[in-house]
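Breakdown of the fold
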Amino acid sequence: MSPISHGFRRRHTVPDGAVDRVPPGQYVTDGFPVLSAGPTPRTPLAEWTFSVRKGGETLKSWSWEELQDLPAEAVTVDIHCVTRWSKLGTEWRGVSVDTLLGQVEDDARYVMAFSDGGYTTNLPAEDVRGGKAWVAFGYGGIPLAPEHGGPARLLVPHLYFWKSAKWVRGLELMDEDQPGFWETYGYHMYGDPWKEQRYQGD
Ligand SMILES: Nc1nc2c(c(=O)[nH]1)N[C@H]1C(S)=C(S)[C@@H](COP(=O)(O)O)O[C@H]1N2
Ligand SMILES: [Mo]
């Protein structure tokens, strides 16, 4: 295995055969860095809900038990943080967002994920549909750790990882795109790692 690939020296080696899985400007890490803009919130499961809202109205809400009763999937995906680390083959368990939005009648074009602690991030609705996004509550075969977003986080692996809101509590449906937390501070509105859409203007 050579540490040289794509003509530049990476900070870490890329596993054999995985070069095509690492977006431009990223390096691969075996660790799992924790990046949180504030303290880790701890909502008791008995009080936890996941809600789909629109215009301040709750269209549908699931308790923790109701979420657990929905069909869950095992998902193995690569994740890419805008701070340049990528982690390959991460193993999650969660409910597809398709399953949740399938119980709501609305054709909004955008969603704002919202979390305990006030974090938000915006996504086109089509990027959380079609088997591309999950509400994940398991990681590596055990419950998702609080610092990584437990009890549940959004998992949208095809976009930079800031779109995967930790401690997620729901989706606000929107007819027009609006910036979330990091997007307000200049991060890209979409965040495709393969196009290096890190900041506005990229
Ligand atoms: N609620 C919340 N979700 C968040 C963040 C945050 O600060 N708060 N940080 C985002 C960023 S920038 C990244 S890279 C990932 C980090 O997830 P990790 O700490 O599990 O690695 O979570 C994203 N989701
Ligand atoms: Mo990030």
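Residues numbered from 1 in each chain as written. Chains lettered and ligands numbered in written order. Predicted model: local features only at pLDDT ≥ 70, side-chain atom pairs only at ≥ 80, totals over all residues. Heavy atoms only, no water.

The name that an unreviewed UniProt entry assigns to the chain is Sulfite oxidase-like oxidoreductase, with the source organism given as Trebonia kvetii.

Along the chain, the regular secondary structure elements total four helices and 13 strands. Over its C-alpha atoms the chain spans a radius of gyration of 17 Å, differing by no more than 12% from the 17 Å that the globule rule assigns to 202 residues. Put simply, the chain has 202 residues, and 50% of those count as buried. Across the chain, every contact between residues at least 6 apart in sequence was considered, and the portion connecting residues at least 24 apart equals 64%. Looking at the chain as shown, the accessible area adds up to about 9,900 Å², and 49% of this sits on carbon and sulfur atoms. Each charge sign in the chain was given a centre, from 20 positive and 27 negative side chains, and these centres are 7 Å apart. (Helix = DSSP H or I, 4+ residues; strand = E, 2+ residues; numbered from the N terminus. Rg over C-alpha atoms; globule rule 2.2 N^0.38 Å. Buried < 20%, exposed > 50% of the residue type's maximum accessible area, 1.4 Å probe, protein only. Contact = heavy atoms within 4.5 Å. Areas by Shrake-Rupley, 256 points an atom, 1.4 Å probe, with all protein chains shown as cover. Lys, Arg positive; Asp, Glu negative; His and termini not counted. Charge placed at Lys NZ, Arg CZ, Asp CG, Glu CD.)

Next up on the list: unusual backbone geometry. Peptide bonds are mostly trans, and most non-glycine residues show a negative phi. Residue Pro151 is reached from Gly150 by a cis peptide bond, and omega for that bond is 15°. One can find Pro151 in the loop between strand S11 (142–143) and strand S12 (153–155). Of note, Arg84 is a non-glycine position whose phi angle comes to about 95°, a positive value. Residue placement: Arg84 occurs in the loop between strand S6 (73–80) and strand S7 (85–96). In this structure, Glu196 is a non-glycine residue whose phi angle is positive, near 50°. Positionally, Glu196 belongs in the segment after helix H4 (181–184).

Moving on, we come to the pairing of strand S10 (residues 134–139). Along S10, six of the six residues are buried, which leaves the element largely enclosed by surrounding structure. In terms of strand pairing, S7 meets S10 through five bridges, oriented antiparallel. Within S10, the residue paired with Gly94 across the bridge is Ala136. In terms of strand pairing, S10 meets S11 through two bridges, oriented antiparallel. Note on S11: the bridge partner recorded for Gly138 is Pro143. Between S10 and S11, which follow one another and run antiparallel, lie two residues, and Gly140 among them has a positive phi close to 60°. (Pairing = 2+ DSSP bridges.)

This part covers the UniProt feature "domain: Oxidoreductase molybdopterin-binding" (unreviewed entry) in the chain. Per the UniProt record, "domain: Oxidoreductase molybdopterin-binding" (unreviewed entry) is found at residues 38–182. When the span residues 38–182 is considered, its composition is 11% helix and 43% strand, and the gap between its end C-alpha atoms is 13 Å. (UniProt positions renumbered as here; feature names shortened; annotations may be inferred.)

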